[in-house]
Amino acid sequence: MTRKLMSLSEAIGRYVADGMSLVMGTALEAAIPFAAGHEIIRQGKRDLTVIGPISDILFDQLIGAGCVRRVIAAWVGNVSEGSAYNLRRAVEEGVPHFVDVEDHTNLTIALGLHAAALGVPYLPTRTALGSDVARGHPGLRPIRCPYTGEPLLAVRALAPDVAIVHVQRADEFGNCHLWGNLGVTLDAVRASRSVIVTAEEIVSADLIRSDPNRTLIPGFLVTAVVHEPWGAHPSPVVGYYHRDHAHFREYHERTRTREGFLAWLKEWVLSVPDRSRYMDRLGPERRRALRIAQSALSAPADFGC
Amino acid sequence: MTRKLMSLSEAIGRYVADGMSLVMGTALEAAIPFAAGHEIIRQGKRDLTVIGPISDILFDQLIGAGCVRRVIAAWVGNVSEGSAYNLRRAVEEGVPHFVDVEDHTNLTIALGLHAAALGVPYLPTRTALGSDVARGHPGLRPIRCPYTGEPLLAVRALAPDVAIVHVQRADEFGNCHLWGNLGVTLDAVRASRSVIVTAEEIVSADLIRSDPNRTLIPGFLVTAVVHEPWGAHPSPVVGYYHRDHAHFREYHERTRTREGFLAWLKEWVLSVPDRSRYMDRLGPERRRALRIAQSALSAPADFGC
Amino acid sequence: MDDFTPRELMIVAAARELRDGEIVFVGMRLPLLGFLLAKRTHAPRALGLYENGVIRETPAAELLYTMSDLPNITRATACGEMLMVMGLLAQGRVDVGFIGGAEVDRFGNVNTTLVRREGKSILRLPGSGGAGDIASLARRFIVLMPHERRRFPARVSYITSPGYGEGRGWRQRVGLPPGGPAAVITDKAILRPDPETKELRLVSLHPGVSLEEVRASTGWDLQIADPVERTPPPTPQELRLLRSLDPEGVWTR
Amino acid sequence: MDDFTPRELMIVAAARELRDGEIVFVGMRLPLLGFLLAKRTHAPRALGLYENGVIRETPAAELLYTMSDLPNITRATACGEMLMVMGLLAQGRVDVGFIGGAEVDRFGNVNTTLVRREGKSILRLPGSGGAGDIASLARRFIVLMPHERRRFPARVSYITSPGYGEGRGWRQRVGLPPGGPAAVITDKAILRPDPETKELRLVSLHPGVSLEEVRASTGWDLQIADPVERTPPPTPQELRLLRSLDPEGVWTR
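Residues numbered from 1 in each chain as written. Chains lettered and ligands numbered in written order. Predicted model: local features only at pLDDT ≥ 70, side-chain atom pairs only at ≥ 80, totals over all residues. Heavy atoms only, no water.

### A word on the overall build of chain A
- The helix and strand tally for chain A stands at eleven helices and twelve strands.
- Burial statistics for chain A: of 305 residues in total, 71% are counted as buried.
- Restricting the contact set of chain A to residue pairs at least 6 apart, pairs at least 24 apart contribute 73%.
- Summed over all atoms, the accessible surface of chain A reaches about 9000 Å², with 49% contributed by carbon and sulfur.
- Charged side chains in chain A number 33 positive and 33 negative. The centres of these two groups are separated by 2 Å. (Helix = DSSP H or I, 4+ residues; strand = E, 2+ residues; numbered from the N terminus. Buried < 20%, exposed > 50% of the residue type's maximum accessible area, 1.4 Å probe, protein only. Contact = heavy atoms within 4.5 Å. Areas by Shrake-Rupley, 256 points an atom, 1.4 Å probe, with all protein chains shown as cover. Lys, Arg positive; Asp, Glu negative; His and termini not counted. Charge placed at Lys NZ, Arg CZ, Asp CG, Glu CD.)

### Description of the interface of chain A and chain B
- Each partner contributes residues to the interface: chain A has 50 residues there, and chain B has 50 residues.
- Counting the surface lost from both chain A and chain B, the interface buries some 4200 Å², and carbon and sulfur atoms represent 57% of this.
- On the chain A side of the contact with chain B, A:Tyr122, A:Tyr147 and A:Asp302 bury the most area, a combined 18% of that side's loss.
- Counting across the chain A and chain B interface gives two salt bridges.
- Close ionic contact of B:Arg214 with A:Asp211 constitutes a salt bridge, the shortest N to O distance being 2.8 Å.
- Where chain A meets chain B, there are 38 residue pairs in polar contact (both at pLDDT 80 or more).
- Those elements giving two or more residues to the side of chain A that touches chain B turn out to be strand 5 (122-125), strand 6 (140-144) and strand 7 (151-156) of chain A.
- Its residues placed into classes, the side of chain A that touches chain B shows 28 nonpolar, 14 polar and eight charged. (Buried area = accessible area lost by both parts, 1.4 Å probe. Salt bridge = Lys/Arg side-chain N within 4 Å of Asp/Glu carboxyl O. Polar contact = N/O pair within 3.5 Å; in protein donor to acceptor, adjacent residues only side chain to side chain. Nonpolar A, V, L, I, M, F, W, Y, C, P; charged D, E, K, R; others polar.)

### What to know about the interface of chain D and chain B
- Each side of the interface is counted separately: chain D has 46 residues, and chain B has 52 residues.
- Here chain D packs against chain B, burying approximately 3700 Å² in sum over the two surfaces, 62% of which is carbon and sulfur.
- Ranking the residues of chain D by area buried against chain B places D:Leu70, D:Arg124 and D:Pro126 at the top, with a combined share of 19%.
- The interface formed by chain D and chain B includes one salt bridge.
- With its nearest N and O atoms 2.8 Å apart, the salt bridge here joins B:Asp103 to D:Arg124.
- Seen at the junction of chain D and chain B, the total is 22 residue pairs in polar contact (both at pLDDT 80 or more).
- Among the secondary structure elements, those contributing two or more residues to the side of chain D that touches chain B are helix 3 (70-73), helix 4 (82-90), strand 9 (122-124), helix 5 (131-137) and helix 6 (170-174) of chain D.
- Split by residue class, the side of chain D that touches chain B holds 24 nonpolar, 14 polar and eight charged.

### Some remarks on the environment of A:Phe261
Residue and element names in this part refer to chain A.
- Along the polypeptide, Phe-261 turns up in helix 9 (residues 258-270).
- Through-space distance from the C-alpha of Phe-261 to that of Thr-2 is 41 Å; in sequence the pair is 259 residues apart.
- Apart from residues no more than four positions distant in its own chain, Phe-261 is found in contact with Gln-61, Gly-64, Ala-65, Asn-86, Arg-89, Tyr-251, Arg-254 and Thr-255.

### Concerning the relation of the copies chain A and chain B
- Turning chain A through 180 degrees and shifting it by 0.0 Å along the axis lays it on chain B, with an RMSD of 0.0 Å. The two molecules are tied by a two-fold rotation axis, judged by turn and shift.
- The residues that chain A uses at the interface reappear at the interface of chain B in 100% of cases, marking a shared surface. (Least-squares fit on C-alpha atoms with pLDDT ≥ 70 in both.)

### A short note on helix 2 (residues 34-42) of chain B
Residue and element names in this part refer to chain B.
- Extensive coverage of helix 2 is indicated by the burial of eight of its nine residues.
- Buried within helix 2 we find Phe-34, Ala-35, Ala-36, Gly-37, His-38, Glu-39, Ile-40 and Ile-41.
- Backbone geometry just downstream of helix 2 places Gly-44 in the positive-phi region, at approximately 65 degrees.

### Looking at the packing of aromatic side chains
- Counted by the stated rule, this structure contains 17 aromatic pairs over all chains.
- Taken together, a centroid distance of 4.4 Å and an interplanar angle of 15 degrees make the contact between B:Trp230 and B:Tyr241 stacked. Remark: B:Tyr241 occurs in the loop between strand 12 (224-227) and helix 8 (245-254) and B:Trp230 occurs in the loop between strand 12 and helix 8; sequence separation between them is eleven residues.
- Overall, B:Trp230 belongs to the buried group, its relative accessible area being 7%.
- Exposure remark for B:Tyr241: the relative accessible area of 0% places this residue in the buried category.
- A centroid spacing of 6.3 Å and a plane angle of 25 degrees characterise the contact between C:Phe152 and C:Trp220, whose relative ring orientation is stacked. Of the two residues, C:Phe152 is situated in the loop between strand 10 (141-144) and helix 5 (170-174) and C:Trp220 in the loop between helix 6 (211-216) and strand 14 (223-230); the sequence distance between them amounts to 68 residues.
- Among the aromatic residues, those joined into a cluster by ring pairs are A:Tyr251, A:Phe261 and A:Trp264.
- The lysine or arginine in question, A:Arg243, covers the ring of A:Phe248, its NZ or CZ lying 3.7 Å from the ring centre. (Phe/Tyr/Trp six-rings, centres within 6.5 Å; stacked < 30°, edge-to-face > 60°. Lys NZ or Arg CZ within 6 Å of the ring centre and 35° of its normal.)

### Some points on unusual backbone geometry
- The omega angle of the peptide bond from B:His233 to B:Pro234 is 15 degrees, so this bond is cis rather than trans.
- Note on placement: B:Pro234 falls in the loop between strand 12 and helix 8.
- Following D:Asp226, the chain continues to D:Pro227 via a peptide bond in cis, the omega torsion being 0 degrees.
- Counting through the fold element by element, D:Pro227 comes out in strand 14 (residues 223-230).
- The residue B:Trp230 is not glycine, and still its phi comes out positive at about 65 degrees.

### Some words on the domain arrangement of chain A
- Taken domain by domain, chain A comprises domain 1 (8-104 + 159-288) and domain 2 (123-156).
- Placing the centre of domain 1 of chain A and that of domain 2 of chain A at their C-alpha centroids yields a distance of 30 Å. (Domains from an automatic or database assignment.)

### Describing the pairing of strand 8 (residues 162-170) of chain A
Residue and element names in this part refer to chain A.
- Counting buried positions along strand 8 yields nine of nine residues, so the element is predominantly enclosed.
- Here strand 1 (residues 21-23) pairs with strand 8 via two bridges, running parallel. Paired with Val-23 across the strands is Ala-163, a residue of strand 8.
- Looking at chain direction, strand 8 and strand 10 (residues 194-202) are connected through eight bridges and run parallel. Residue pairing in the sheet places His-166 in a bridge with Thr-198 of strand 10.
- Across two bridges, the pairing between strand 8 and strand 9 (residues 176-177) is antiparallel. Within strand 9, the position partnered with Ala-170 by the bridge is Cys-176. (Pairing = 2+ DSSP bridges.)

### Observations concerning the side chain of B:Ser80
- Mapped onto the fold, B:Ser80 is located in the loop between strand 3 (68-75) and helix 4 (85-93).
- A relative accessible area of 5% places B:Ser80 in the buried class.
- Sequence-distant contacts of B:Ser80, that is, excluding residues within four places in its chain, are made with B:Arg243, B:Phe248, D:Arg29, D:Tyr65 and D:Trp251.

### Some thoughts on the sheet that holds strand 7 of chain A
All names here are of chain A.
- Read from one edge to the other, the open sheet built from three strands follows the order 5-7-6, with strand pairing classed as antiparallel. The two strands at the open ends of the sheet, each matched to only one other strand, are strand 5 and strand 6. With strand direction ignored, the average angle separating the axes of adjacent strands in the sheet is 35 degrees.
- Bridge analysis of strand 5 against strand 7 gives four bridges, and the strand direction is antiparallel. Its bridge partner being in strand 7, Thr-125 is matched across the sheet by Leu-153.
- Running at roughly 145 degrees to strand 5, helix 5 (residues 106-117) makes contact with strand 5, strand 6 and strand 7 of the sheet. (Axes fitted to C-alpha atoms, helices over the stretch in contact; angles between N-to-C directions.)

### Quick look at the environment of B:Glu172
All names here are of chain B.
- Its place among the elements puts Glu-172 in the loop between strand 8 (162-170) and strand 9 (176-177).
- For the pair Glu-172 and Met-6, spaced 166 residues apart in sequence, the C-alpha separation works out to 9.2 Å.
- Once residues lying within four places of it in the same chain are set aside, the contact partners of Glu-172 are Thr-2, Arg-3, Lys-4, Leu-5, Ile-202, Val-203 and Val-225.
- Separated by 3.1 Å, the side chains of Glu-172 and Arg-3 make a polar contact.

Below is the structure:
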């Protein structure tokens, strides 16, 4: 087993290069790797392809910061508030520059990653038949079932260069325990050439091995492990902290204009060197309010011999 | 939520009918629903299609007892000992009668069930290309990838009438916690029209809800729940008891001849009314030896709010 | 008539679309409240599926802003992968799903991707999310949206979530399972597909709304059921429950 | 020469096929012991995948009769579904897999399904299990079986696990990834494919075994590498470790 613990800036610096494709926000509205996304912005990565089902506001931030050339997603917006203004400015006006959008549905994103995780070039589905999502789509071709003859769509495998996922706890070898809603996380990790994990806690290999069924990401698939408490704020992490609805609302209000977004970006990303300083800025009271108020521990499972 | 707790004889009597297809042994060598299989034999079910990756000796017993018309499997034998003599007698000599065998690989069985669980008529794969397993197979048709043009096999969806699975613990509504190796269990449950669960323990809904990520079988998919401690003996159940290797060896030795099998069947199946009497026959010392000696509890996960 | 908001009426009408014991692809915002309201009134055994991988029988203890908020995870029936719940949807096990939209047309096709305006400019919307999957694969779906003429064109500029396409037989022709929109619930009325033509027609006017108002807010020559109904206003019990679910009116005002 | 059993030599030879850090589809019986032996000698970082859904870095604490025995679960790296590990196999991430067989032929095709005897009678064997998948999808595979003429026909009567099919280029033609058998380890010798023709040829004779004996036990005109090697006997350390792994000789006698 190889120790893979490093700082976030080292992980992003070493494993994310201009022009790469990145899958993020794989658990949907929870455990979105915002800390990693902000480090990508600070390091000025360019021409990225961002992949994910829905991104809540992370993709919007990357687009506004000029990091993104192409979006492969089912939905880009602000889940509780509505529009993603940076996506709109990029697509409608080319500000800061135009981005390509390859539209999907949640299921076609999931199946594209699942195909890559299963080692096959495509998977069939009935979803989106007849829709404009599928029309002329490079990754959704009409086919026929070899048994029934019925029309289907072939979803082309999606194999990102890098998956960035935020988890509850990991050991220094990258073996991760995660729980709550998983979205497309497991397939995204298996589909990607390298995997960066940010974790609320780094724990002993011993603790991780106490529950192999919770080890949904085995360390040998992981390239880098980063200890990054609060690394998903303002999205929630089961067992750690709530969604910061106010932060999403504030982002929505402040990013209606390009100037507003740039001010927001400076305040929350460019002028903070790392997540710990970001959390300082958030302040102790707000952190306390977001922390889960009452534990509810899972009943144990016995793996004895 | 509907209470679904009933006796094994009621569950098999109500939900397994002659001519049905049944998927069993879905976790591979562990948690094989032997108690349910024995009840099927006692109730004299006929013309069943049995489906599973490998079956260890359960399918051999059902075949020898004359319950089976057709086998859809990757492997039928005795994992630690070798041949399945009843399968051999049935295929080679028609004793007690001929059975059809639709050969698969583990992966094509898994993909067939996965296709049904994903609601698609087939899934593509590269496995078994060029093999005689795939030659003229009704559920493995040669196709081409619509993107790359490469040859693939289309694995037809396998949707059994009934899945019978053995789990560690369930509530009376059929919500199940299971852990250890899962094999094809989750897809088998989702692929099947009805689901019979036998469980080592019946626990409160409250305990099950303490860990929704361990609830790999939600109750709404379950038709019947049976409290059946030791229901998987001689196969192992993680957290409860070890594999009874001696029992597999004894079965192997005694079933070399048809007469030997019939004597074994009388002793261990036909002359015992239920699993509790079966375990009496096994005796307290052997039970004690098989019980796990030392607990090793999983670290808790926090689902607090 | 002014003792409830248009959104409250929409949520109540959505709740009434659910039958007890049904499997529901819930969605967020108004539909989520509709689901919770139905569970506390006539559909206590309804089961909620969420595309993030959550399955719930018991309602969450607090108001949700998103389906991944912690109260939706605590004591859930099951938490897992998106494909677990999407598989159930694709199998045809989901009775009903809810979607919102920017545009809906005569045949119940919904657009949440992009609107082409006069000239060559476009308006970029967030996209499908799971809506296209619900519309494609659920046994029926319900659309909730404000009733404005620009949102109700004869033909949407982009089909994100397929309804009846070009009318009767279209879903079968393109390979979709039967399904389709069972109702479009707006702040003015309820529209349902004509069983023969699959064209949406007005079946119920909300309290205080006139036929002319609905016609003027619809971008095609809207057919009217005969007789057209009046949507019953929320009952005091419905309103009380709804307001207890969203005491600050986050989604209801 | 009689201080080790033929099976012990086979296991040791199998262990030597593994390189450190490789991802291994382990299988049961002899290969399992070979994997454990390799981990305790030259390949401590090898990772074991099991088709029941188990991934292990640390060896199990007790002898396993099957991959689902409890000692293989306790403190495993991960436990999950078959498709999780089969997906890694299909992705081409598995370096090497082990399979046994009833028959192996000139091009390394393996039969574990059925043998047609003289007349019309057949001998029914258990079937593929995961062997066909390993042979199809691993980057290379190793076959372990007793060396008997009836088990080494020129052409197997049924290809359960494809080797090189009909020779060079066949795997590509039928659509299989490169892979194929890297070695056939028997109780008498080691055979490896000729890099050009892909036909199995004798590369190493076990201690005390003659060339003639191996030729007589092979059902085709066996080509011989020049020079042919002698398989090094198990070292005392290898034997000691192996016997500590299987003290009662369940798999080694």
